[in-house]
Amino acid sequence: MRANAGGQLSPEEVVGRDDLIKQIWKVLEKQSVVLYSERRIGKTCVIKKMEAEPSKGFKTIYFDLERISTCTEFFELVYKRISKLYSKTDKTWDIIKKITSYFTPTEITIDGVSAKLPKTDGENWKTSVLETFKRIDGHLDVPLVLFFDELPMMIDDLRKREGDTSAMEMLDTLRAVRQETRQIRMVYTGSIGLHHVVNILKKNGDSNEPINDMMKIDVPQLRFEDAVFLAEELIQGEGIEILDINAVARNIATDVDRIPYYIQHIIGKAALESVPLTESRVRTIISSALTDAADIWNMKHYLERIKDYYAADDQKIVTTILDVVAGSEEPLKFDGIFERVKASVVTEDRDTILELMNLICQDHYLIKDDEGRYTFTFGIIKRWWKSYRALVS
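Not measured: the values here are computed from a predicted model.

Draft legend 1. Fine view of the nonpolar core. Counting residues in each nonpolar core, the largest one holds 121 residues, and the members touching the most others are Phe74, Phe148, Leu151, Tyr188 and Ile380. Look past the residues within four positions of tyrosine 188 in its chain and what remains in contact with it is Val33, Val34, Leu35, Phe148, Leu151, Leu174, Arg178, Leu194, Ile211 and Met214.

Draft legend 2. Structural context of the sheet that holds strand S9 (residues 366-368). With antiparallel pairing, the three strands of this open sheet are ordered in space as S8-S10-S9. Looking at the sheet topology across the chains shown, the edges are occupied by strand S8 (332-333) and S9. When S8 meets strand S10 (residues 373-376), the two strands line up antiparallel, connected through two bridges. Considered in S10, the bridge of leucine 332 is made with tyrosine 374. Along the sheet, helix H14 (residues 312-326) contacts S8, S9 and S10; its crossing angle with S10, the most-contacted strand, is approximately 90 degrees. Contacts from helix H16 (residues 350-362) reach S9 and S10 within the one sheet, and its direction differs from that of S9 by about 110 degrees.

Draft legend 3. Quick peek at the environment of valine 324. By the element assignment, valine 324 lies in helix H14. With 20 residues separating them along the chain, valine 324 and serine 344 place their C-alpha atoms 10.0 Å apart. Among all residues touching valine 324, those that are not within four sequence positions of it are Leu332, Ile337, Arg340 and Val341.

Draft legend 4. Summary view of the packing of aromatic side chains. Enumeration over the complete set of coordinates arrives at 13 aromatic pairs. Here the aromatic rings of tryptophan 25 and phenylalanine 58 are separated by 4.7 Å at their centres, their planes lie at 40 degrees, and the arrangement is tilted. Here tryptophan 25, found in helix H1 (residues 18-28), pairs with phenylalanine 58, found in the loop between helix H2 (43-52) and strand S2 (59-64); they are 33 residues apart in sequence, far enough to count as distant. Residues tryptophan 25 and phenylalanine 58 agree in their burial class; the two are buried. A ring pair is formed by phenylalanine 74 and phenylalanine 75, whose centres lie 4.9 Å apart and whose planes are at 75 degrees; its orientation type is edge-to-face. A single burial state applies to phenylalanine 74 and to phenylalanine 75, both of which are buried. For the cation-ring pair, arginine 39 lies above tyrosine 302, with the distance from its terminal atom to the ring centre recorded as 5.7 Å. Positioned above the aromatic ring of tyrosine 261 is the side chain of arginine 40, whose terminal nitrogen or guanidinium carbon lies 3.9 Å from the ring centre.

Draft legend 5. View of the packing of helix H13 (residues 301-309) against helix H17 (residues 379-388). Interaxial distance between H13 and H17 falls to 10 Å at its minimum, and their mutual angle equals 85 degrees. The orientation of H13 with respect to H17, classified from their angle, is roughly perpendicular. Residues Tyr302, Leu303 and Ile306 of H13 form the contact with H17, whose own contacting residues are Ile381, Trp384, Trp385 and Tyr388.

Calculation criteria
Residues numbered from 1 in each chain as written. Predicted model: local features only at pLDDT ≥ 70, side-chain atom pairs only at ≥ 80, totals over all residues. Heavy atoms only, no water. Core = buried A, V, L, I, M, F, W, Y, C linked by side-chain atoms within 4.5 Å. Buried < 20%, exposed > 50% of the residue type's maximum accessible area, 1.4 Å probe, protein only. Contact = heavy atoms within 4.5 Å. Pairing = 2+ DSSP bridges. Helix = DSSP H or I, 4+ residues; strand = E, 2+ residues; numbered from the N terminus. Axes fitted to C-alpha atoms, helices over the stretch in contact; angles between N-to-C directions. Phe/Tyr/Trp six-rings, centres within 6.5 Å; stacked < 30°, edge-to-face > 60°. Lys NZ or Arg CZ within 6 Å of the ring centre and 35° of its normal. Parallel < 35°, antiparallel > 145°, perpendicular 65-115°, else oblique.

Below, the structure written as structure tokens:
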């Protein structure tokens, strides 16, 4: 294998995910799925492998929604991809063309057939979407899995561009499709937490629960033995000079919390050098990446996204909580965190801090152990946070 950090991996290059994928297919036999985890863990690699190598008895379609920001763009993409499952003589084709009549003025071409799209017609588009998927469902002899990658980002962009109502209508309509069809399944995943988008919509007046019918599945970092295997394969594939490949691979796996993206980066960097790869050299590569002004690992995202995820009044509190936990060598219980936060932020609102702590854990910054103590979920992020926030003594 060759190092390819952040690039497209072939299905056979996705290491250590077979058991997880089997679990997801098992759930998809009966219901839809939300995959969640920290960024860089490899959610997209998992679903692309599933699309390329579907379990027997499933059809699959993958959708990259990162650049989709309107209802029109979303359904154009969905129908173009689904239409490839049918011939133009199929009755479903007529239904797919009909649905396009409910969206904003534009012209699209599906398999050589052009359709003019007039202005959105109120509630009709939602009814027609549901009717279309029901018709498609009637033609399916096996479950059709729609992998919606970066769906939370799309919903957030839709909210900003077309308003909260359109965003929630989209989520509600997709939920209705899942509930009123037998063979259609959906998998949501993305780098923005869907819970934040839904919370924003709820605060603005919507009380619906658009994903309570879906199973939430965590995509963890690699198991230790799989992370070591990945590192060894990449070292060998790059032809890097090394004395003890297993010792160095184990060191890499440990130091970056078994996260495949960083393993790829370290070995990609080492491949550009003409010196043997040692444990000391690995530590230097990691340290340089975490302190580099160019932020080559884009670690500043973990600070900047707080502005997008949290209300303005909460941002300083969230940052202070993370400062407190990062600055401690030992895990901290809530009361200890609360007292230290109060030293920097004027607050006596214990319930608000508890609520924010829960959100911070959902965002994978922190994890709480069985004794109620909090620490950073990933040591690599804690190291960067301490360095960037000048918390190092």
